[in-house]
2 protein chains.
Amino acid sequence: MHASIATVCLSGGLEEKMTACAEAGFDGIEVFEPDLVASDLSPEEIRARAERLGLTLDLYQPFRDFEGVTEDLLEANLRRAEARFEVMGRLGIDTVLVCSNVATATIDSDEVSAAQLRRLGDLAQRHGVRIAFEALAWGRYISDYRRAWRIVELADHPAVGTCLDSFHILSRGHDPAGIEEIPAEKIFFVQLADAPALSMDVLSWSRHHRLFPGEGDFDLPAFLAHVVRTGYSGPVSLEVFNDTFRQTAAGATAVHAYRSLIALADQTARREGRTDQLPTVPESAPAAGVDFVEIKAEDTTEVEIVLDQLGFAFRGQHRTKPVRLWSAGGARIVLNEQYARDLPPHVAGLGLQYDDVASAEARTAALGVTRVPRRMQAGEQRLPAFATPHGLELFFAERTRAGEPGWVDEFEHGLRATPEPDGVVAVDHVNLMSTWEDHDETVHFYTGVLGLEKGRSNQVASPHGLVRSRVLRTADGAVRLPLNVLPASRTQPTEHVALSCPDAIAVARRARERGMRLLPVPGNYYDDVRARFGLDPAFVERLREHQVLYDRDQQGEFLHFYTRQIGRLFIEVVQRIDAYDGYGAENAPVRLAAQSRLDRDGR
Amino acid sequence: MHASIATVCLSGGLEEKMTACAEAGFDGIEVFEPDLVASDLSPEEIRARAERLGLTLDLYQPFRDFEGVTEDLLEANLRRAEARFEVMGRLGIDTVLVCSNVATATIDSDEVSAAQLRRLGDLAQRHGVRIAFEALAWGRYISDYRRAWRIVELADHPAVGTCLDSFHILSRGHDPAGIEEIPAEKIFFVQLADAPALSMDVLSWSRHHRLFPGEGDFDLPAFLAHVVRTGYSGPVSLEVFNDTFRQTAAGATAVHAYRSLIALADQTARREGRTDQLPTVPESAPAAGVDFVEIKAEDTTEVEIVLDQLGFAFRGQHRTKPVRLWSAGGARIVLNEQYARDLPPHVAGLGLQYDDVASAEARTAALGVTRVPRRMQAGEQRLPAFATPHGLELFFAERTRAGEPGWVDEFEHGLRATPEPDGVVAVDHVNLMSTWEDHDETVHFYTGVLGLEKGRSNQVASPHGLVRSRVLRTADGAVRLPLNVLPASRTQPTEHVALSCPDAIAVARRARERGMRLLPVPGNYYDDVRARFGLDPAFVERLREHQVLYDRDQQGEFLHFYTRQIGRLFIEVVQRIDAYDGYGAENAPVRLAAQSRLDRDGR
């Protein structure tokens with residue numbers, strides 16, 4: 001597969017974009033005309049630079065509003081085209097994207113458009129270039145790829161073929177199966193973009209909300225499979241622009257783009273049985289559970305006090321590093337004070353357990369995820385480590401079916417774990433944070449690389465703006481990672497670790513007896529919860545006494561409470577009753593308001 | 001008019017919101033239930049606080065999913081309602097908003113909904129409260145205000161009336177004229193929100209894109225006039241939430257909200273002849289021209305060099321302040337080094353000329369715009385000054401029909417203005433900058449307060465993201481203020497002053513002879529311009545030699561060039577040929593890329 005990308009996907013100048021594409025691993029690029037026009041490199045310099053970087057220049061784009069016009073306009077359009085063909089000659093590009101007329105078409109006729117494309121084809125042939133004609137989803141008359149192909153067929157010219165763009169086809173709900181009726185040699189170019197399911201006009205949707213493959217709701221493996229079945233072997237190119245990528249550094253976007261394209265090729269190859277035509281990467285089952293959570297800070301004392309109050313046992317100090325382990329049941333928290341000067345407590349790492357660590361490691365590495373270097377010493381267990389797009393470090397560990405992981409033995413001088421009745425038994429979920437800039441890439445990382453499932457996107461009102469949230473999880477719920485995107489301004493990023501137990505009130509009571517000051521919940525909340533769910537007043541009084549929150553859905557009930565904030569994180573203790581599968585999202589505004597009050601009052 | 005606002009409009013906690021509403025001038029508020037639930041003030045404390053602040057508590061909202069349900073669900077809903085009525089009693093609120101059922105309705109019947117509302121009315125009456133029933137635009141069965149009113153009529157209960165919300169009515173395209181068929185005493189509440197014309201699902205449109213009156217595309221004066229004609233005299237309340245207000249400080253949003261409501265009342269009163277029922281503010285014709293532009297910096301030397309190169313004459317030093325005047329034709333630029341420590345050159349003020357300064361001043365003050373204090377000394381002309389929402393200072397001056405403004409005489413030891421042939425004659429436009437936080441308020445200020453017209457919103461691709469832009473102008477083009485909103489990240493705010501002349505190439509040539517280094521324009525741009533417009537090669541060579549850009553539309557042609565950046569601003573010189581009325585927006589990406597290159601290379 002010849003992996004290509006349009007320069008319009010990236011921010012910055014053309015020089016930066018070319019470097020970023022080459023470094024990310026792309027084979028070629030589409031040159032977006034405005035990028036060329038705004039560049040101070042001459043076409044010859046761009047050509048030479050591409051050669052040095054090992055990039056092919058696959059397409060010149062776009063040429064707009066050509067066909068379906070009156071004869072005098074056609075003459076002007078042919079002159080306009082010829083000037084572009086000359087520039088293409090200087091660049092050494094042999095294919096130009098001609099998209100269906102939006103602005104100036106006045107003639108709605110296959111025959112007229114075909115005849116006009118044929119004249120363009122003659123001109124193109126004289127310049128040694130060819131025309132890839134594409135139906136824009138909002139073309140005035142031609143907005144369906146099948147009609148564009150019919151016109152290309154009618155034009156019947158060796159220099160005239162079609163370009164297929166998944167966005168223009170799938171956004172209109174057109175069946176992509178018709179692609180297989182087009183002979184491979186008449187498909188001159190293929191562009192891919194994903195998009196979220198949105199109900200808005202297709203032009204705004206295209207301009208602001210395209211996504212890389214795997215990040216939206218289109219079935220791109222099915223689309224690509226149709227293309228591959230024709231025998232097409234030309235460039236497969238990403239043409240994705242949205243308000244985020246336009247502002248993100250070109251290098252990061254290009255890496256993200258390349259990973260998403262390779263993951264799509266892999267998925268298509270396997271799902272559609274096309275491993276002979278498309279590249280693959282190693283397969284891996286998703287994680288089987290959370291091995292540990294790593295909390296990092298210059299001083300982790302406050303976290304230790306809270307863990308102790310929640311019934312965790314101190315399991316010792318690492319043999320060779322300033323790292324300590326605490327555990328309660330199967331919940332293990334590693335406190336790391338190494339290289340943490342000036343850092344407040346925050347979630348720095350996450351250990352995931354796998355049945356087959358080698359496959360998970362091979363897949364992650366093959367998809368170009370950066371490894372995190374770790375100093376290994378004699379007798380230590382090797383845990384492969386990777387950097388996620390949002391900065392968290394991930395560690396892959398063997399699943400422990402009974403007992404504790406081997407690496408626990410590296411910690412010395414600790415106490416034995418002594419389980420408390422109805423105490424904390426496991427990590428329920430880890431609520432992580434991403435910025436609007438790295439959010440899409442982060443979601444793609446956890447789903448496209450690690451194979452987690454993507455829940456619905458949700459929005460919670462905080463006192464300072466809406467917090468977007470999306471749960472990433474395994475089907476069985478063994479790994480649950482709600483991922484928040486914070487509003488742009490005035491908010492401190494916070495993350496939290498949620499611990500599960502069979503009796504949240506019991507854990508809260510013991511923690512309070514040990515001196516914990518929980519996050520205060522306002523009295524109005526308990527009046528509301530009683531009215532909303534018709535709860536027994538005595539039960540509501542117990543919730544109120546221990547500042548425990550409540551939720552209920554069709555599947556069951558949920559009790560949970562929060563510690564106060566420690567640095568950039570806090571801890572939640574949750575109790576799931578029956579098959580409750582949510583996260584108490586209804587209570588999040590109450591928590592956010594309470595945190596905001598403490599923050600304001602400097603407590 | 002009893003001016004009210006829903007607490008959901010503002011960010012922060014309930015206490016902050018109440019203070020902000022009172023300080024902005026509102027008479028009352030709607031208490032949004034989640035704000036109450038998340039507050040640590042008891043209902044009694046909230047009531048007492050409102051009394052102390054002089055705010056009435058006008059509405060408790062919302063109560064959801066009540067009617068159109070089966071009998072057992074109805075029983076539960078009545079219990080749910082009763083708990084709310086008790087809270088309302090503690091708050092001292094006598095009206096609750098009940099919105100049409102979205103989630104749990106299974107019975108699509110006017111009679112059933114009316115009978116169920118009647119039972120709710122009985123319960124409400126026992127608690128001394130009343131029900132304002134509203135059709136949500138996305139209600140399962142009831143989504144039209146006329147149907148909600150039919151059901152209220154059928155319910156025929158003294159404690160059951162209707163609530164009218166402009167968003168729910170106008171977003172569905174329903175004719176608001178039917179409001180006049182509702183007796184005033186059955187309209188229990190009126191809510192106002194504006195919105196931009198967007199094609200998206202109505203729920204997302206409502207949640208994220210509501211605007212204050214005058215900022216969107218709804219005809220709210222017509223809506224409010226229908227309400228007033230019924231004889232309704234209850235609260236007129238703003239219920240506006242969007243992603244921006246949720247993140248903006250409550251105080252600023254409340255001031256903005258109040259101003260928009262009063263401006264709407266004024267506009268409605270005058271346009272619809274309801275000055276007896278609605279408050280008005282003084283009228284004023286829009287500005288007649290630009291008096292001067294004030295550029296401020298610790299050191300303005302670089303600006304002076306550029307003005308000299310562009311043919312401006314130094315007109316002298318102000319008698320009493322460290323302020324200097326330069327002029328060319330009718331373009332006057334004031335350079336201010338007062339209180340400017342560490343500030344780079346930027347546009348700090350704008351003088352506008354009025355036929356009637358007193359009216360303009362009276363209107364602006366009546367709409368609550370903050371005045372800027374100015375030290376006046378004997379013999380100086382008084383220019384009323386106001387602070388705009390985006391930080392610029394505005395000065396109002398008498399129109400000069402012949403000669404120069406009187407204040408020019410306050411500058412001493414300058415040179416006489418000696419006009420150059422085909423030189424700069426006037427300020428064409430001033431391109432200002434706003435942030436995403438203050439943008440809507442800024443647009444409302446220039447249109448709702450100053451009476452400028454609002455052009456279409458436009459988007460320009462810069463190397464670091466899309467720049468949103470909107471032109472604010474007088475109909476005759478005497479004042480033109482394109483307003484840009486910058487992408488959130490990685491961009492330096494820049495503004496520019498555009499000067500008009502009859503021959504841009506002549507001005508560029510003289511400037512270059514005097515040593516000016518213009519913004520460099522890439523060669524590819526001239527190849528493109530020639531191909532795009534089919535221009536004469538010799539003419540294109542002249543443009544290229546002087547780094548002058550070109551545009552053409554149906555009305556005429558446009559030549560323009562840019563200086564390099566000086567601090568946070570640059571200067572543009574423009575030549576409009578025939579009736580060209582644009583700003584060369586097509587060339588903006590080329591300019592932005594060139595600026596970005598200079599910036600990167602530190603030149």
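Chain A has the name 3-dehydroshikimate dehydratase in an unreviewed UniProt entry, where Zhihengliuella alba is given as its organism. Per UniProt, chain A has the following entry under Function (unreviewed entry): "Catalyzes the conversion of 3-dehydroshikimate to protocatechuate (3,4-dihydroxybenzoate), a common intermediate of quinate and shikimate degradation pathways." Chain A has a UniProt comment under Sequence similarities (unreviewed entry) that states "Belongs to the bacterial two-domain DSD family."

(A) Quick look at the overall build of chain A. Regarding its fold elements, chain A presents 17 helices and 24 strands. Referenced to the eigenvectors of the C-alpha coordinate spread, the extents of chain A come out at roughly 90 × 60 × 45 Å. Counting all 603 residues of chain A, 61% fall into the buried class. For chain A, the proportion of contacts with a sequence separation of at least 24, taken over those separated by at least 6, is 74%. If you sum the accessible surface of chain A, you get close to 22,800 Å²; carbon and sulfur atoms cover 47% of it.

(B) The packing of aromatic side chains, seen in detail. In total, this model carries 30 aromatic pairs over all chains according to the counting rule given. When the centroid spacing of 5.0 Å and the interplanar angle of 85° are considered together, the rings of Tyr525(A) and Tyr526(A) count as edge-to-face. Each member of the pair, Tyr525(A) as well as Tyr526(A), is classed as buried. Centroid distance Phe63(B) to Phe66(B): 6.3 Å. Interplanar angle 45°. Geometry classified as tilted.

(C) Structural context of the packing of helix H1 (residues 14–24) of chain B against helix H3 (residues 43–53) of chain B. All names here are of chain B. Direction vectors running N to C along H1 and H3 enclose 20°, while the axes themselves pass 10 Å from each other. Relative to H3, H1 is oriented roughly parallel. The way H1 lies across H3 gives a crossing that is right-handed. Every residue of H3 that contacts H1 at Leu 14, Glu 15, Met 18, Thr 19 and Ala 22 is listed here: Ile 46, Arg 49, Ala 50 and Leu 53.

(D) Spatial organisation of the sheet that holds strand S15 (residues 393–398) of chain A. Residues and elements named next belong to chain A. Sheet architecture is open: eight strands sit in the order S14-S15-S13-S9-S12-S11-S10-S16, paired in mixed fashion. Strands at the two margins of the open sheet, each flanked by one partner only, are strand S14 (385–387) and strand S16 (411–413). Ignoring which end each strand starts from, the neighbouring axes of this sheet average 30° apart. With three bridges connecting them, strand S10 (residues 313–318) and S16 associate as antiparallel partners. From the neighbouring strand, Gly 316 faces S16, where its bridge partner is His 413. Of the strands in this sheet, strand S13 (346–354), S14 and S15 touch helix H12 (residues 357–366), which is tilted by about 150° from S15.

(E) Just the pattern of salt bridges, in detail. Taken as a whole, this structure holds 78 salt bridges over all chains when the rule is applied. Of the charged contacts, one joins Asp527(B) and Arg90(A) as a salt bridge, the two residues approaching to 3.5 Å between their closest N and O atoms. Here Asp527(B) is found in helix H15 (residues 523–533), whereas its partner Arg90(A) is found in helix H4 (residues 71–91) on a different chain. The partly exposed category is assigned to Asp527(B), whose relative accessible area is 22%.

(F) Summary view of the pairing of strand S4 (residues 95–99) of chain A. Residue and element names in this part refer to chain A. Across the five residues of S4, five count as buried, placing the element largely inside the fold. Residues of S4 alternate between two faces, with Thr 95, Leu 97 and Cys 99 on one and Val 96 and Val 98 on the opposite face, all of them buried. Pairing of strand S3 (residues 56–63) with S4 involves two bridges; the strand directions are parallel. Among the inter-strand pairings, Phe 63 is bridged to a residue of S4, identified as Val 98. The β-α-β motif built from S3, the intervening H4 and the parallel element S4 has right-handed crossover chirality. Pairing of S4 with strand S5 (residues 130–134) involves five bridges; the strand directions are parallel.

(G) Local environment of the state of the cysteines. Residues and elements named next belong to chain A. Taken as a whole and judged by the stated rule, the model has zero disulfides over all chains. Here Cys 163 stays unpaired: no disulfide links it, and the sulfur of Cys 99, its closest cysteine neighbor, is 9.2 Å away. The class of Cys 163 is buried, set by a relative accessible area of 2%.

(H) Representation of the sheet that holds strand S13 (residues 346–354) of chain B. All names here are of chain B. Strand order in the open sheet formed by eight strands is S14-S15-S13-S9-S12-S11-S10-S16, and the pairing between neighbours is mixed. Edge positions in the open sheet fall to strand S14 (385–387) and strand S16 (411–413), since each of these has one partner strand only. For this sheet, the mean angle separating the axes of adjacent strands, direction not counted, is 30°. Relative to strand S12 (residues 331–336), strand S11 (residues 323–328) is paired through six bridges, and the arrangement is antiparallel. Following the sheet pairing, Ser 327 is matched in S12 by Arg 332. Sitting on the sheet, helix H12 (residues 357–366) is in contact with S13, S14 and strand S15 (393–398), with an inclination near 150° to S15.

(I) Fine view of the side chain of Gln547(A). All names here are of chain A. For Gln 547, the position within the fold is in the loop between helix H16 (537–546) and strand S22 (549–552). At 2.4 Å, the side chain of Gln 547 forms a polar contact with the backbone nitrogen of Val 521. Engagement of the side chain of Gln 547 in a polar contact is seen with the backbone oxygen of Arg 544, the distance being 2.8 Å. Not counting the four nearest positions on each side in its chain, Gln 547 is found in contact with Leu 518, Leu 519, Pro 520, Val 521, Tyr 526 and Phe 561.

(J) View of the domain arrangement of chain A. Residues and elements named next belong to chain A. Once the domains are mapped, chain A shows domain 1 (2–271) and domain 2 (289–600). Here the C-alpha centre of domain 2 lies 44 Å away from the C-alpha centre of domain 1. When domain 1 packs against domain 2, close to 1,200 Å² is buried across both sides, 51% of that on carbon and sulfur atoms. For the pair domain 1 and domain 2, the interface holds two salt bridges. Glu 441 is the salt-bridge partner of Arg 259, the closest N and O atoms lying 3.7 Å from each other.

(K) Fine view of the UniProt feature "binding site: a divalent metal cation" (unreviewed entry) in chain A. All names here are of chain A. Per the UniProt record, "binding site: a divalent metal cation" (unreviewed entry) is found at Glu 134, Asp 165, Gln 191 and Glu 239. The greatest C-alpha distance among the annotated residues, which extend across 106 residues, is 13.3 Å, indicating that they converge on a single site. Residue placement: Gln 191 occurs in strand S7 (residues 187–192). Beyond its immediate sequence surroundings of up to four residues, Gln 191 is in contact with Glu 30, Leu 59, Gln 61, Leu 97, Glu 134, Cys 163, Leu 164, Asp 165, Ser 166, Phe 223, Ser 237 and Glu 239. A polar side-chain atom of Gln 191 sits 2.8 Å from a polar atom in the side chain of Glu 30. Structurally, Glu 239 can be placed in the loop between strand S8 (235–238) and helix H10 (250–271).

(L) Summary view of a negative patch on the surface. Among the surface-exposed residues, Glu298(A), Asp299(A), Glu302(A) and Asp342(A) lie close enough to one another that they form a single negatively charged patch. Along the chain, the position of Glu302(A) falls in helix H11 (residues 301–309).

(M) Geometry of the environment of Val31(B). All names here are of chain B. Within the fold, Val 31 resides in strand S2 (residues 28–32). C-alpha of Val 31 to C-alpha of Leu 59: the two residues are 28 residues apart in sequence and 6.1 Å apart in space. Leave out the neighbours within four places in its chain, and Val 31 touches Thr 7, Leu 36, Leu 57, Leu 59, Tyr 60, Gln 61 and Ile 93.

(N) Focus on unusual backbone geometry. Residues and elements named next belong to chain A. Pro 62 follows Gln 61 through a cis peptide bond whose omega is -15°. Note on placement: Pro 62 falls in strand S3. Residues other than glycine seldom take positive phi values, yet Gln 547 does so here, at roughly 55°. One non-glycine residue with positive phi stands out, namely Asp 578, at about 60°. Turning to its location among the elements, Asp 578 is positioned in strand S24 (residues 569–578). The class for Asp 578 is exposed, based on a relative accessible area of 68%.

Conventions we followed
- Residues numbered from 1 in each chain as written.
- Chains lettered and ligands numbered in written order.
- Predicted model: local features only at pLDDT ≥ 70, side-chain atom pairs only at ≥ 80, totals over all residues.
- Heavy atoms only, no water.
- UniProt positions renumbered as here; feature names shortened; annotations may be inferred.
- Helix = DSSP H or I, 4+ residues; strand = E, 2+ residues; numbered from the N terminus.
- Buried < 20%, exposed > 50% of the residue type's maximum accessible area, 1.4 Å probe, protein only.
- Contact = heavy atoms within 4.5 Å.
- Areas by Shrake-Rupley, 256 points an atom, 1.4 Å probe, with all protein chains shown as cover.
- Phe/Tyr/Trp six-rings, centres within 6.5 Å; stacked < 30°, edge-to-face > 60°.
- Axes fitted to C-alpha atoms, helices over the stretch in contact; angles between N-to-C directions.
- Parallel < 35°, antiparallel > 145°, perpendicular 65-115°, else oblique.
- Left-handed = near helix turned anticlockwise from the far one by under 90°.
- Pairing = 2+ DSSP bridges.
- Salt bridge = Lys/Arg side-chain N within 4 Å of Asp/Glu carboxyl O.
- Right-handed = clockwise from strand over helix to strand, strands pointing away.
- Disulfide = S-S within 2.5 Å.
- Polar contact = N/O pair within 3.5 Å; in protein donor to acceptor, adjacent residues only side chain to side chain.
- Domains from an automatic or database assignment.
- Buried area = accessible area lost by both parts, 1.4 Å probe.
- Patch = residues over 30% accessible without salt bridge, like charges linked within 9 Å, V, L, I, M, F, W, Y side chains within 5 Å.
- Lys, Arg positive; Asp, Glu negative; His and termini not counted.
- Charge placed at Lys NZ, Arg CZ, Asp CG, Glu CD.

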